[in-house]
Amino acid sequence: MPLATPYYLIDETALARNLERVDTLRAASGAKCLLALKCFATWSTFPQIAPHMDGTTSSSLNELKLGREKFGGETHAYSVAWSDGEIDEAIANADKIIFNSVNQVDRFGERAAHLPVGLRVNPGVSHSHFDLADPARKFSRLGESDRAKVEAAMDRVSGFMLHCNCENDSVEAFSTLLDQIEDKIGDLLLRLEWVSLGGGIHFTKDGYDIDGLAARLKAFAEKFGVQVYLEPGDTVVTDTTTLEVSVLDIIENEMSVAIVDSAVEAHMLDLLVYRESGAVAPNKGPHRYQIAGKSCLAGDVFGTFDFPDPLAVGDRISLLNAGGYTMVKKNWFNGVAMPAIAIRRKNGAVEVVQSFDYADYVASLS
Ligand SMILES: *Cc1c(COP(=O)(O)O)cnc(C)c1O
């Protein structure tokens, strides 16, 4: 019997393809790669991922502890703002701690002095197609942008974190951005032991010039005498995962609308946040449908796609690229049944690794 929908389906073979590219980059560049857990934290896959990466980076105490407990390797602790209540536990679980401002270095740096301490610096330049995700947007709080304050803290930090890219799939664009960063803060970079260049570089994409990226990273590392880190999230899991859904009803209202047993806001939230369409394959054929969710939100739409045959109630649809920023954001809006999480092993067997029921819904509220 096929698995009941909805469920996220992670494909080990596809993940292995991306991880091979991560390995290629690490070997050719000397950069260390840490998985950004804010993008993907489905820990059942960590035994497959961990041997191909150097550890994890985090954006909260919970992610930090998950990385330490389930992934291993180097565990970088970063938060936009650590609180008094969590800082000691963060320090206890971290291999490096990265503060977002000099204020936070002033408050907590002393307590972390036995660890490598880093500072997120905002060089004021970025590559992002979305203002919402642009770390250099006006009034940005992401990283210290006051150069005088950074200079005054240099003797208390051994590294910088510079996260300036979002969905950057061009080596040229990345390299140009790095040129600008070198011009702006190169004198400070010379005084460091390590630099994390953050995430947002889509180097596992087919056709991406991994050798070109590796050469650029290597040149940067040599010029400034630093260990380079990258913090890839999305690119590690791109095109590895689908959201498997079933058609529940088909409504005619000037076009054919197929309602499926999922909801965009609850299960693929970023499609709404970034006003993007989901994807199906091959998306070809004479039968066009809007694929819509079962929540009460009028705009609960995964996208409009073409199918080779007419859809019928009970048909299954695979929504593509459902790995990054999906499972970490899923929620109980409308009480819609939560997708299970399944893994397609390399031998083809599909194994459910997590499922959710009414008790989980109840436990999420009080
Ligand atoms: C979001 C984020 C990442 C991961 O970004 P991806 O686009 O998923 O590669 C890495 N580092 C920091 C600091 C981030 O905020």
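Calculation criteria
- Residues numbered from 1 in each chain as written.
- Predicted model: local features only at pLDDT ≥ 70, side-chain atom pairs only at ≥ 80, totals over all residues.
- Heavy atoms only, no water.
- Helix = DSSP H or I, 4+ residues; strand = E, 2+ residues; numbered from the N terminus.
- Rg over C-alpha atoms; globule rule 2.2 N^0.38 Å.
- Buried < 20%, exposed > 50% of the residue type's maximum accessible area, 1.4 Å probe, protein only.
- Contact = heavy atoms within 4.5 Å.
- Lys, Arg positive; Asp, Glu negative; His and termini not counted.
- Charge placed at Lys NZ, Arg CZ, Asp CG, Glu CD.
- Expected span 1.5 Å × (residues − 1).
- Arc of directions from axis to C-beta.
- Axes fitted to C-alpha atoms, helices over the stretch in contact; angles between N-to-C directions.
- Parallel < 35°, antiparallel > 145°, perpendicular 65-115°, else oblique.
- Near = heavy atom within 4 Å.
- Polar contact = N/O pair within 3.5 Å; in protein donor to acceptor, adjacent residues only side chain to side chain.
- Areas by Shrake-Rupley, 256 points an atom, 1.4 Å probe, with all protein chains shown as cover.
- Nonpolar A, V, L, I, M, F, W, Y, C, P; charged D, E, K, R; others polar.
- UniProt positions renumbered as here; feature names shortened; annotations may be inferred.
- Pairing = 2+ DSSP bridges.
- Right-handed = clockwise from strand over helix to strand, strands pointing away.
- Phe/Tyr/Trp six-rings, centres within 6.5 Å; stacked < 30°, edge-to-face > 60°.
- Lys NZ or Arg CZ within 6 Å of the ring centre and 35° of its normal.

**Q** Kindly report on the overall build of the chain, identifying the contributing residues and their values.
**A** Counting its regular elements, the chain contains 12 helices and 16 strands. For 366 residues, the compact-globule estimate of 2.2 N^0.38 gives 21 Å, and the chain sits close to it at 22 Å. The dimensions of the chain, computed from C-alpha atoms along their principal axes, are 65 × 45 × 45 Å. For the chain, the residues scored as buried account for 52% of the 366 residues in total. Contacts in the chain between residues at least 24 apart in sequence constitute 66% of all its contacts with a sequence separation of at least 6. Where the 34 positive side-chain charges of the chain centre and where its 51 negative ones centre are 3 Å apart.

**Q** Residue-level account of the side chain of R216, with values.
**A** By secondary structure assignment, the location of R216 is in helix α8 (residues 210–224). Taking the relative accessible area as the measure of exposure, R216 reaches 12% and is therefore buried. Contacts of R216, omitting those with residues within four sequence positions, involve F174, S175, L178, D179 and E182.

**Q** Account for helix α1 (residues 12–29), with residues named and values stated.
**A** When the terminal C-alpha atoms of α1 are compared, their 25 Å separation across 18 residues agrees well with the 26 Å that a helix rising 1.5 Å per residue should span. Every buried residue of α1 is accounted for by E12, A14, L15, N18, L19, V22, L25, R26 and S29. Projection of α1 onto a plane perpendicular to its axis shows the buried side chains occupying an angular sector of 155°, all on one side. Of the residues in α1, the exposed ones pointing more than 90 degrees away from the buried face are E20 and A27.

**Q** Quick one: what's the story with the packing of helix α7 (residues 171–189) against α8, residue by residue and with numbers?
**A** Where α7 meets α8, the closest approach of the two axes is 11 Å, and the angle between their N-to-C directions is 5°. In this view, α7 runs roughly parallel relative to α8, as classed from their interaxial angle. Facing α7, whose interface residues are V171, F174, S175, L178, D179, E182, G186 and L189, α8 presents G212, L213, R216, L217, F220, K223 and F224.

**Q** Give a description of the site of the ligand that names residues and reports values.
**A** Every residue near the ligand is listed here: A36, K38, C39, M161, H163, G199, G200, E231, P232, G233, D234 and Y325. Take E231: an N or O atom from its side chain is 2.6 Å from a nitrogen atom of the ligand. Here an oxygen atom of the ligand and a side-chain polar atom of Y325 are 2.6 Å apart. Here the ligand, which alone exposes 390 Å², has 89% of that area covered by the protein. Classifying every residue of the shell around the ligand by side-chain character gives five nonpolar, four polar and three charged.

**Q** How would you explain helix α3 (residues 61–71) if you had to name every residue and give the values?
**A** When we look at burial in α3, the residues that qualify are L61, E63, L64, G67 and F71. Of the residues flanking the end of α3, it is G72, one or two places downstream, whose phi is positive at about 80°.

**Q** Give me the lowdown on the UniProt feature "domain: Orn/DAP/Arg decarboxylase 2 C-terminal" (unreviewed entry) in the chain, citing residues and values where you can.
**A** With numbering matched to this structure, UniProt assigns "domain: Orn/DAP/Arg decarboxylase 2 C-terminal" (unreviewed entry) to residues 239–323. The span residues 239–323 is 11% helical and 40% strand by assignment, and the distance between its end C-alpha atoms comes to 7 Å.

**Q** Hey, could you go over unusual backbone geometry for me, with residue numbers and the actual values?
**A** Cis rather than trans, the peptide bond between T5 and P6 has omega equal to 0°. Examined against the element boundaries, P6 turns out to sit in the segment before β1 (7–11). With omega at 0°, the peptide bond leading from A281 into P282 counts as cis. Its place among the elements puts P282 in the loop between α11 (269–273) and β12 (287–292). Positive phi, close to 50°, is recorded for E167, a residue that is not glycine. Its place among the elements puts E167 in the loop between β7 (159–161) and α7. Of note in this structure, E254 is not a glycine but carries a positive phi near 70°. You can see E254 is positioned in the loop between β10 (241–252) and β11 (256–260). We classify E254 as exposed; its relative accessible area is 87%.

**Q** Break down the environment of L19 for me, with residues and values.
**A** Examined against the element boundaries, L19 turns out to sit in helix α1. The exposure class of L19 is buried, given its relative accessible area of 1%. Residues L19 and H52 lie 33 residues apart in sequence; the distance between their C-alpha atoms is 6.1 Å. Once residues lying within four places of it in the same chain are set aside, the contact partners of L19 are Q48, I49, H52 and V236.

**Q** How would you sum up the pairing of strand β5 (residues 96–99)? Please name residues and give values.
**A** Side chains of β5 alternate between two faces, with K96 and I98 and I97 and F99 buried alike. Note that strand β4 (residues 74–78) and β5 share three bridges and pair parallel. In the sheet register, H76 faces β5, and the bridge partner there is K96. For the handedness criterion, the β-α-β arrangement of β4, helix α4 (residues 87–93) and β5 is classed as right-handed. Summarising the sheet, β5 and strand β6 (residues 117–120) pair through three bridges and their orientation is parallel. Counterpart to I98 in the pairing with β6 is G118.

**Q** Before we move on, could you go through the packing of aromatic side chains and cite the residues and values that matter?
**A** According to the stated counting rule, one finds seven aromatic pairs in the structure shown. The residue whose ring lies beneath K70 is W43, and the NZ or CZ to ring-centre distance is 4.0 Å. When the ring centre of W194 is taken as reference, the NZ or CZ atom of K96 above it lies at 5.2 Å.

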